[in-house]
Amino acid sequence: MGLKDTVTTKYMRQSQIFADAFNYYIYGGEQVIDPDGLEELDTREVDVPYGGEDGAKQPVQRTRDVIKSLVAMMDRRTAYLLLAVEAQSHVHNAMPVKNMVYDALQYAKQVSNAVVSHKRSGDYKGADGDEYLSGFMKQDRLLPVVTLVLCFFAKEWDGPMSLHEMFGEQDARILALVPDYKINLVAPASIKDDDFGKFQTSLKEVLSFIKYSQDADRLGEVIEADEGFRHLGRAEVDVLNACVGAKIEMEKDKEDANVCLAIEEMKRRAAEKAAAEAAAKAAKETAEKDRIAAEKDRMSTLLKNIKNLMEKAGWSAERSMDMLDVSEGDRKAIRPYIS
């Protein structure tokens, strides 16, 4: 696991941050999911094809970033579901398949757990043959799994948003038979300025910083207007430094940082970069002007020498150019000026 994956996963493991992301995406900022109702689960998903019978392939282990179970009262009913976050530091063009595999493995685990539970309790009495063979009873239910892709980069998400987008040209009648799988996505570049206020945690500052990380002036305005940037914690600073190169410094004995200083540094670096680019452009333009002037002088001297031979030796223009070993390209340029 790279640095970006490490710091973003650690950040999203915080229940307040985790709940904030889902409250924003599902409920538009309404505080429906209580962080205290979340319980972190094992992120390892193990796929054992064919139930591990003889001849089956080796188990495959895949690791999610963060997954938590939720027990909450919603619409006067108790809701049980699983919520997962995949923190992305870059666009993953196979994200629909990646998430689909994770979710399918989680559903498979639920079925497997139900089968094991029935076997241990011996409550198959009264079950019909199909229930007994499958191990999954008619009254058994699965918990919904909602996976949210959270982007920690500034560019727009330009990858597929669904499984169907990953297919080439297909007969619509065929596609109608292939279940689609869409990803749930939060990308800073797509969040409207007014919507950042729907976040209730430092996720607001982290995502807005990332969105404008390539525009120091606009970022400075955003930070100046948001008091939250005066006291960003170490986890937030680690995410910004790793994901967008913010270079925010924190003193060892402190647990928060003032981002305004980092913005001044970003502006300084941006100004230096702009100055260097301007100097390089000016140098290139000067070099081009010098090249053009030198070429004019060369052609003027060459034309003068040709005319001197024509006048003093009485040679034709072509013979004069032959004697001076003039290239074909120069001949084409000079001929219009020789009477």
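First, a word on what this report is: a plain description of the structure on this page. (Residues numbered from 1 in each chain as written. Predicted model: local features only at pLDDT ≥ 70, side-chain atom pairs only at ≥ 80, totals over all residues. Heavy atoms only, no water.)

Regarding the side chain of Q88
Consideration 1: Position of Q88 relative to the elements: it lies in strand β5 (residues 77-88).
Consideration 2: Residue Q88 is classed as buried on the basis of its relative accessible area of 4%.
Consideration 3: Beyond its immediate chain neighbours, meaning those up to four positions away, Q88 contacts M95, K98, V149, L150, C151, F152 and F153. (Helix = DSSP H or I, 4+ residues; strand = E, 2+ residues; numbered from the N terminus. Buried < 20%, exposed > 50% of the residue type's maximum accessible area, 1.4 Å probe, protein only. Contact = heavy atoms within 4.5 Å.)

Let's talk about the packing of aromatic side chains
Consideration 1: This model, assessed by the stated rule, comprises four aromatic pairs.
Consideration 2: Consider the rings of F209 and F229, whose centres lie 6.4 Å apart with planes at 45°: the pair is tilted. Separated by 20 residues along the polypeptide, F209 in helix α6 (residues 203-211) and F229 in the loop between α7 (216-225) and β8 (232-233) bring together distant segments of the chain.
Consideration 3: Cation over ring: K68 sits above F18, and NZ or CZ is 5.6 Å from the ring centre.
Consideration 4: Across the ring face of Y212, the terminal group of R218 is positioned such that the distance to the ring centre comes to 5.0 Å. (Phe/Tyr/Trp six-rings, centres within 6.5 Å; stacked < 30°, edge-to-face > 60°. Lys NZ or Arg CZ within 6 Å of the ring centre and 35° of its normal.)

Details of the pattern of salt bridges
For side chains of opposite charge, pairing can occur when their charged atoms come near one another.
Consideration 1: A complete count under the given rule lists 19 salt bridges for this structure.
Consideration 2: Two residues, E318 and R331, come together in a salt bridge whose shortest N-O distance is 3.1 Å. Of this pair, E318 sits in helix α10 (residues 317-323) while R331 sits in helix α11 (residues 328-334), and the two are 13 residues apart along the sequence.
Consideration 3: For E318, a relative accessible area of 33% translates into the label partly exposed.
Consideration 4: Classification of R331 as buried rests on a relative accessible area of 10%.
Consideration 5: Bridged by salt links that share partners, the residues E318, D322, E328, R331 and R335 form one connected network. (Salt bridge = Lys/Arg side-chain N within 4 Å of Asp/Glu carboxyl O.)

Let's talk about the side chain of N99
Consideration 1: Residue placement: N99 occurs in helix α3 (residues 95-121).
Consideration 2: Apart from the residues within four sequence positions on either side, N99 is in contact with E86, T147, V149, Y181 and I183.

Details of α7
Consideration 1: Turning to α7, its buried residues number three or more, namely A216, L219, G220, V222 and I223. Along the long axis of α7, the arc covered by the buried residues comes to 165°, so they all point the same way. Away from its buried face, by an angle of more than 90 degrees, α7 presents the exposed residues D217, E224 and A225. (Arc of directions from axis to C-beta.)

Considerations on the environment of M321
Consideration 1: In this structure, M321 sits in helix α10.
Consideration 2: Distance from M321 to I306, taken between C-alpha atoms, is 6.4 Å for residues 15 residues apart in sequence.
Consideration 3: Those residues in contact with M321, other than ones at most four positions away along the chain, are I306, V326, R331 and R335.

As for the environment of A127
Consideration 1: Tracing the sequence through the fold places A127 in the loop between α3 and α4 (129-134).
Consideration 2: Taking the relative accessible area as the measure of exposure, A127 reaches 22% and is therefore partly exposed.
Consideration 3: A sequence separation of eleven residues divides A127 from K138, and the C-alpha atoms of the two residues are 8.9 Å apart.

A few points about the pairing of strand β6 (residues 145-151)
Consideration 1: Burial of β6 is extensive: six of the seven residues sit out of reach of the surface.
Consideration 2: As judged from the three bridges shared by β6 and strand β7 (residues 184-186), these two strands associate in the parallel manner. Bridged to L148 within β7 is N184. (Pairing = 2+ DSSP bridges.)

A closer look at α6
Consideration 1: The element α6 is extensively covered by neighbouring structure, given that eight of its nine residues are classed as buried.
Consideration 2: When we look at burial in α6, the residues that qualify are L203, E205, V206, L207, S208, F209, I210 and K211.

Description of the packing of α6 against helix α8 (residues 234-244)
Consideration 1: Where α6 meets α8, the axes come as close as 10 Å, and the angle between the chain directions of the two elements is 20°. Accordingly, the angle class assigned to the pair α6 and α8 is roughly parallel. As for how α6 packs across α8, the hand of that crossing is right-handed. Residue-level inspection shows V206, F209 and I210 of α6 in contact with α8, the latter providing E236, V239, L240 and V244.
Consideration 2: Considered class by class, the residues forming the contact of α6 with α8 number six nonpolar, no polar and one charged. (Axes fitted to C-alpha atoms, helices over the stretch in contact; angles between N-to-C directions. Parallel < 35°, antiparallel > 145°, perpendicular 65-115°, else oblique. Left-handed = near helix turned anticlockwise from the far one by under 90°. Nonpolar A, V, L, I, M, F, W, Y, C, P; charged D, E, K, R; others polar.)

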